[in-house]
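Geometric and topological summary
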Amino acid sequence: PPPAEMSSFLDAVRVGDAVTAPSELRTIGAQETIEATLRKLGKHKILSLPVVAKGAASAHKYLGIISAADILLHLLFNEQFVSALEELETEELSIKDFNHDVESLLQAPVKSIIGQRSESKLVFLIRPEAPLSKVVGHFAQGVHRVLIGTNDKPKQHWLFTQSDAVRYLRRHLTHELVAPTARLTLEELGLAAGPKNMVSVSPKDSAAAAFQKLMSTRWTRKSNFDSTGDEKCVWDLSALPILDSKSHVIGTISQSDLRGIKTENLHELLLPVFTFCEKRAGKKISVQVTVTPETTLGEAICKVVDARVHRAWIVDGGRLAGVLSLTDILSRFSTVDFSYLSYYQRSRL
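Residues numbered from 1 in each chain as written. Predicted model: local features only at pLDDT ≥ 70, side-chain atom pairs only at ≥ 80, totals over all residues. Heavy atoms only, no water.

1. A short note on the overall build of the protein
Using the following cut-off: Under the DSSP-based scheme used, a helix requires at least four consecutive residues in state H or I and a strand at least two consecutive residues in state E, with every element numbered from the N terminus. Only protein chains enter the accessibility calculation, which uses a 1.4 Å probe. A residue is then buried if its area is under 20% of the maximum for its type, exposed if over 50%, and partly exposed in between. Whether two residues are in contact is decided by their heavy atoms: any pair within 4.5 Å suffices. Method for areas: the Shrake-Rupley scheme with a 1.4 Å probe, in which residue coverage is limited to the protein chains shown.
When helices and strands are counted, the protein shows 13 helices and 13 strands. A total of 349 residues make up the protein; the buried ones form 53% of that total. Within the protein, residue pairs in contact and separated by at least 24 positions form 64% of the contacts whose partners lie at least 6 positions apart. Summing over all exposed atoms, the protein offers an accessible surface of approximately 16,200 Å²; the carbon and sulfur share of this is 48%.

Below, the structure is given as structure tokens:
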């Protein structure tokens, strides 16, 4: 657990003061189609949308938060979509016919896919005056975003993400209550040990195969808010490394690569994963952000924030040894029980 000083620092910060310029909150109606949701995500180049129940009495009742990953999960494990994708690959279908065949899958209301992934059904509305420690507690358990605002002012709600929290820490690394933790190495903090077998993809794999592997690899962590009473929540991984033949990290396939995906370019999932990532980014894939077990937490925070990424790959002796996610970083600034971290030591993903 973090030292008392660190907890005091987070307790003293209002979450409403932790972000300088909140972005406009965009939402989608529960009865809107999956296709309409995909188009709205693509139009604004965002990855998630809160789903709201429309109507005078429930104009701002949030049913969940749908992401591009939820939609892709809905498609990639659907027999009709997979069959159409295979026929497109063998040129039995044209792109036009492929789009026509999968159109029916996109006409269902978006509310129908809420809950396919654990996080999509979890909606937290946190008051702006709440301490940052409360939000970090949620983030450290695997939640990627929460809503900030009050029930009586729905038009003033905004999303606060893990990235926002880590950026705030980046700005205060020299604070007397933060610096002692930031100076510790990943090894000292117990963050350097990866699973026995890291799941990865090859640059020759198709993007569809890579995302299927990403979305079918799940893990369990202890939760204080699991409504099932099971004390455990199952979470999807958010990224996988792309490795060359020497186990060097040459790229990353992540949910962020779905930014801008829409009905008309779903066929691009057949591209080699490396090509797909470059096409979505609109540029060549650059050198990946890496750290070592000897990297301090403060140095790691600077690397991920300055590179505007959500993780750093841990390399040891030039080879992939693990991953440091934003969740991992925030776990070291929270009082939440992190016994789930032993998962990394014992699991064979």
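On we go.
2. Section: the sheet that holds strand E1 (residues 28-29)
We apply this condition: Any two strands with at least two DSSP-identified bridges between them are counted as paired. Working convention: axes come from line fits to C-alpha atoms, limited for helices to the stretch in contact. Angles between N-to-C directions cover 0 to 180 degrees.
Ordered by their spatial adjacency, three strands build an open sheet running E1-E2-E3, and the pairing between neighbours is mixed. Of all strands in the sheet, those bounded by a partner on one side alone are E1 and strand E3 (61-67). Two strands pair when backbone bridges link them, and E1 and strand E2 (residues 48-53) are joined in this way by two bridges, in the parallel orientation. Bridge pairing in E2 links Gly29 to Val52. Helix-sheet contacts for helix H2 (residues 34-44) involve E1, E2 and E3, and the interaxial angle to E2 is about 135°.

3. Comments concerning the sheet that holds strand E6 (residues 158-161)
Reading across the sheet, the three strands line up as E4-E5-E6 and stay open at both edges, with mixed pairing between neighbours. The sheet terminates laterally at strand E4 (125-126) and E6, the two strands that pair on one side only. Sheet analysis places strand E5 (residues 145-148) next to E6, joined by four bridges and oriented antiparallel. In the sheet register, Arg145 faces E6, and the bridge partner there is Thr161.

4. Re the packing of aromatic side chains
Aromatic rings in a pair are described by how distant their centres are and how their planes are angled relative to each other. Quick note on the threshold: In summary, the pairing rule links any two rings of Phe, Tyr or Trp, Trp by its six-membered ring, whose centres are within 6.5 Å, and it sorts them by plane angle into stacked for under 30 degrees, edge-to-face for over 60 and tilted for everything else.
Evaluated as defined, the whole model comprises four aromatic pairs. Ring centres 6.0 Å apart and planes at 10° place the aromatic pair Phe139 and Phe160 in the stacked group. Here Phe160 lies in strand E6 and Phe139 lies in helix H6 (residues 132-139), a separation of 21 residues in the sequence. For the pair shown, Phe139 and Phe160 are each scored as buried.

5. Considering unusual backbone geometry
Glycine aside, a negative phi is what most residues show, and trans is what most peptide bonds show. Phi at Glu91 takes a positive value of approximately 65°, unusual for a residue other than glycine. Tracing the backbone shows Glu91 in the loop between helix H4 (79-89) and helix H5 (95-102). The exposure class assigned to Glu91 is exposed, which follows from its relative accessible area of 72%.

6. Things to note about the packing of H4 against H5
Quick reminder of the rule: Between 65 and 115 degrees an angle is taken as roughly perpendicular, under 35 as roughly parallel, over 145 as roughly antiparallel, and anywhere else as oblique. Classification convention: Asp, Glu, Lys, Arg as charged; Ala, Val, Leu, Ile, Met, Phe, Trp, Tyr, Cys, Pro as nonpolar; all other residues, Gly among them, as polar.
In contact at an axis separation of 10 Å, H4 and H5 are set at 175° when each is read in the N-to-C sense. By the angle class used here, H4 and H5 are roughly antiparallel. For the pair H4 and H5, contact is made by Gln80, Phe81, Ala84, Leu85 and Leu88 and by Ile95, Phe98, Asp101 and Val102, respectively. Of the residues belonging to the contact of H4 with H5, the class tally is seven nonpolar, one polar and one charged.

7. Focus: a negative patch on the surface
Note the cut-off: Residues with no salt bridge and a relative accessible area higher than 30% make up the patches, which join like charges within 9 Å and nonpolar side chains (Val, Leu, Ile, Met, Phe, Trp, Tyr) within 5 Å. Salt bridges are identified by distance alone: a Lys or Arg side-chain nitrogen within 4 Å of an Asp or Glu carboxyl oxygen. Charged residues are defined narrowly, with Lys and Arg counted positive, Asp and Glu counted negative, and His plus the chain ends left uncounted. Lys charges are placed at NZ, Arg charges at CZ, Asp charges at CG and Glu charges at CD.
There is a patch of like negative charges on the surface, built from Glu187, Glu188, Glu294 and Asp316. Looking at the secondary structure, you find Glu187 in the loop between helix H8 (179-182) and helix H9 (207-216). When its relative accessible area of 52% is taken as the criterion, Glu187 is described as exposed.

8. With respect to the pattern of salt bridges
By the definition in use, this model includes eight salt bridges. Between Asp164 and Arg167 there is a salt bridge; the shortest N-O distance is 2.5 Å. One end of the pair is Asp164 and the other is Arg167, both in helix H7 (residues 162-171) and three residues apart, which spans about a single turn. Residue classification places Asp164 among the buried residues on the basis of a relative accessible area of 11%. Put simply, Arg170 and Asp306 hold a salt bridge, and the shortest N to O gap is 3.3 Å. Placement of the pair is Arg170 in helix H7 and Asp306 in helix H11 (residues 297-307), with a sequence separation of 136 residues. Salt bridges linked by common partners bring Glu35, Arg39 and Glu264 together as one network.

Everything listed is a geometric property; what it means functionally is a separate question.
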